[in-house]
Every structure is written in structure tokens, then in C-alpha cells.
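Structural overview
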Amino acid sequence: MQQSGNEMVGMGDDLVAPGIETRPVNIAAVFELQQSGNGEEGLLPAHTKMDHLIDMENLMLEEELVDGNLGLFYLSQGLVTIAFYVLEASIVLFTKYVMRQTNAEAESTFSLWMGTVYLCSLVGGFLSDYLGRYLISIYAQVFLTVGFGLLSASAHALLKPHGCGAIGKLCDPHAPVEVSMFYISIYLIALGNGACESVLATFAADQFDEEDPAEKQSKTSFGWYFVIASNIGRLISMALLVYTESTGNWLPIFWISTGCVITALVFLLSQTRRYMRFKPSGNPFPRIAQVIVASWRNRNLQVPSLGEEVKCILRLLPVWLCTIWSFVVFLQMPSLFTEQGAAMDGTILHFQVPPAGMIAFYIISTSTLIVFYDKLIVPLHIKLTKTKSKTLAELQRIGTGFVIVVVTMLSAGLVEQHRLKHSDGSSKEMSSLHILWQIPQYILMGASKAMVYVAEKDFFAA
């Protein structure tokens, strides 16, 4: 890249330096057939990431500039996580005692809502191919802000009479408009969080220069610490739920959540002119189809085909499909595990342990494994396998996570079996089995999430 004699234009105008050509990525041309030095033909990158840079002002990539942006990304992610997981961890109990739903109805509401969250992740990723990751990150947090504001406002009408909403205390029936306001708010939150989840981390990773070996290594560490920032947010949200679930005082944490997403949006906007942004390349699927058609037409040519790249993408699909099922199990924590805990004895001295608060053991487990992975897990792996590999491969970590998932559900099943044995004679709704028996299943779930989630991101980004 070279600068012309004219002055470069900053990102605020979404312009590039005069004389600098920016090209959208074309999968059919990302790899060009070139002749290597030893006479063998190979596939080498035709363009680099910097060819698509929009904000030329940030090419200096000063270390303090990158670090400052990352700090705001961590804060923004932590604040969004506080708000979202307050709702995720409590929505089953809220719909059950405030919205007067049965266990089956509350479970169905949660499943549909979380399914929408994950569907919106796909929508967010798709739109970012055309609008850019920065704009989608901003739009997503705007939807979050509106959704939580509407939820907080609607809760004033839903929480009647005063003191209802705690475990075992049903609220009065609600008017259709009040119910509609509640569902509109939570699905706006689903849209915002889903889109933000799929784009924000990737946009933050764009701030690293992959051509710099030091920054490339920092980018790998960033993924781990981004997860830790999310886990810290979860821990804080659990602390808020300790008070809410026992008293039914939902309004304060909903307004706190609203304040968190507003602050996160302000943080994200505050460094707008300092971000590195890249020209959207469009959705890859039409280009993949073009490659398939071109490969079919040239199937009789005795030269390497660009269709091989499409085959590589198709080979990734089985891994992606397998990880979906593990995330189905992860969804049991805020739904099935929470309902199980609500039917157990949660008394410790004079303190009542909130069922959703047990997720704290999952968060601690995930963060601990991430922090000590290189110091404990890798040396143990080398000692047991007697290999010289410095780490487990991504697929090995994913496979290990799958095994732990199976053990997790076996543990949860054994706890449920004993819970039923200790239930009272008239009803199996409540049991004298203590809630702390759930600790192993939460710890195992955290270990599984740490292995699968981070390894999956590393695998697909490699």
C-alpha cells in the first residue's frame, strides 16, 4: 500500500485515502494459482487483510491504541453479559411466578426465546457481510438498550400485587397488552444480544494486525480473555439474582441491566474514530456457488481447481453440526438445572441459595480452566501421552469437551434420581435433597464449555 500526495481521510466519513484501491473479498479469487520456487504449483493468498482496510488513519497500530480499544471491548462485553444473563438465568422463574406459566410453558418460553437468540446470531453475521461488523455491533446494542428499557417499564405493570414474583408467590393475571409488551421486550433483547454475540468479538479481533507476529499471538490470548470478561459479567449477574429471586423485587435488576447496556453502548461509541474497519465483502455463499459452477465447467482440466477450497469449507460442516448438540446441553443450565434446583432444599444456615445462583460454579470452573490451561492441562497431556506437542489440537479439545458433556448429563440424571427419592409423599415438586448436590454437574458443564467454545472459535478461525 502506498499513500498518494493527498491527505488521508479518517474513518468518520467512511472513506479511504485517495489513490488507495480497496477491493471486496472474492472467494473465487482469494487464492490464485502461482508457481512456487521449487517448480511445484500451489495455492497462495492473493490479497491480504490490509487490502480491505477502510480506516487508513489507524495503520500506525500503536500498541497503546490497540490495548485501549481492547479494554473498552472487555468492559462492553462484560456489561452486556451482566444484563443478558440476568434475564437468561431468571426468565424461567419470572415467567412461572410473574407470568403464571406452568413448568412446561415456562420451559417452552425459554427454549423458543433462546432459539431466537441463536438464530439472530446467524442474522447478525449475515448482515455484517454487507453493513460491516462495526455498524451491526452498534445496531445490536441499540436493540438491547430499547429491549431492556421496555422490559423494565413493562415490569411495573406485571409485578402486582406488591411482593409477588418471588418463588412460590404468584402475581395477578395480566392484560393482553401487558403480556405483549413483555414478549416484545424480550425478543428485542434476543435480536440485540444474538447479533452482538456473533459480531462484537470478531470486530474486536479486527483491531489486531495479523501480519505482526506479536499481535497475532495477542489475538489468540484475546479470545481467552474475552470469555473471562463474559464470565465476570455472569458472576456479577448471579450476585444480583441472589437478592431478587428470594424477594421477588425484579424492578431494580431490570433497571440496572438497562443501565449496563446503555453504558456498554457509550463505551463502544466512544472510540469510533479510532477503530480499524474493513470494507464489507458481501455474503460468501453466492461466491461459493460461483466456484462450484466454475469447477464443474472445468472438471476436465488437468490443473488444480478452485473448487478444492469449497471442499475445505464443506469439510468443516460436520464439526460445526456436532458442536450444535453440545450447545443444546449448555442450554439446560438456565432451564432444566434451574428448575431442578428450585425443587431442592437451598437453605444454608439462615440463607436461601437462589437456584440460578448455582451457575456461579459453572462460571468459576470455566474461568479457572481457561486461566490454568497452559500451566496444568497441557503439561498433564504431555505427561500422559508422552508427546512433544505443546497443546491439544482444536479437534482434540472439542472431543474432550463432548466427553465431559456426557458425564455432565449423567451426573445431573443421578442427582434427579436421588431428588425424587427424597421428595415428600404427597408431591414430587419439592425435595429435601440439598441443592449443593448440583455442584458437580455445574463444574463439569463449565469445563466442557471451556474446551468446546474456545477450541471451536480457534478451529474455524485457523
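Okay, so let's go over this structure. (Residues numbered from 1 in each chain as written. Predicted model: local features only at pLDDT ≥ 70, side-chain atom pairs only at ≥ 80, totals over all residues. Heavy atoms only, no water.)

**Structural notes on the packing of aromatic side chains**
Overall, the coordinates contain 14 aromatic pairs when judged by the stated rule. Geometrically, the ring pair formed by Phe84 and Trp113 is stacked, given 5.3 Å between the ring centres and 20 degrees between the ring planes. Placement of the pair is Phe84 in helix α2 (residues 63-97) and Trp113 in helix α3 (residues 103-131), with a sequence separation of 29 residues. As far as the burial class goes, Phe84 and Trp113 line up, both buried. Seen in terms of ring centroids, Phe182 and Tyr183 are 5.3 Å apart; in terms of plane orientation they differ by 70 degrees. Their pairing is edge-to-face. According to the relative accessible area criterion, Tyr183 is partly exposed, its value standing at 25%. Put simply, the rings of Phe94, Phe182, Tyr183, Trp250 and Phe254 pair up and form one aromatic cluster. A cation over an aromatic ring shows up here: Arg234 above the ring of Tyr85, its NZ or CZ 3.7 Å from the ring centre. Between Lys449 and the ring centre of Phe330, over which it is positioned, the NZ or CZ distance is 5.3 Å. (Phe/Tyr/Trp six-rings, centres within 6.5 Å; stacked < 30°, edge-to-face > 60°. Helix = DSSP H or I, 4+ residues; strand = E, 2+ residues; numbered from the N terminus. Buried < 20%, exposed > 50% of the residue type's maximum accessible area, 1.4 Å probe, protein only. Lys NZ or Arg CZ within 6 Å of the ring centre and 35° of its normal.)

**A look at the environment of Pro354**
Along the chain, Pro354 falls in the loop between β4 (351-352) and α11 (359-385). Residues Pro354 and Ala342, 12 residues apart in the sequence, show an inter-C-alpha distance of 7.7 Å.

**Thoughts on the pattern of salt bridges**
Overall, the coordinates contain one salt bridge when judged by the stated rule. The partner of Glu416 in a salt bridge is Arg419, and the shortest N-O contact between them spans 2.9 Å. Taken as a pair, Glu416 and Arg419 lie in helix α12 (residues 394-421) at a separation of three residues, close to a single helical turn. According to the relative accessible area criterion, Arg419 is buried, its value standing at 7%. (Salt bridge = Lys/Arg side-chain N within 4 Å of Asp/Glu carboxyl O.)

**Things to note about the environment of Ser365**
Relative to the elements of secondary structure, Ser365 occurs in helix α11. For the pair Ser365 and Gly446, spaced 81 residues apart in sequence, the C-alpha separation works out to 5.0 Å. Once you skip the residues sitting within four places of it in the chain, Ser365 turns out to touch Ile443, Gly446 and Ala447. Within the structure, the side chain of Ser365 is placed 3.3 Å from the backbone nitrogen of Ala447, a separation counted as a polar contact. (Contact = heavy atoms within 4.5 Å. Polar contact = N/O pair within 3.5 Å; in protein donor to acceptor, adjacent residues only side chain to side chain.)

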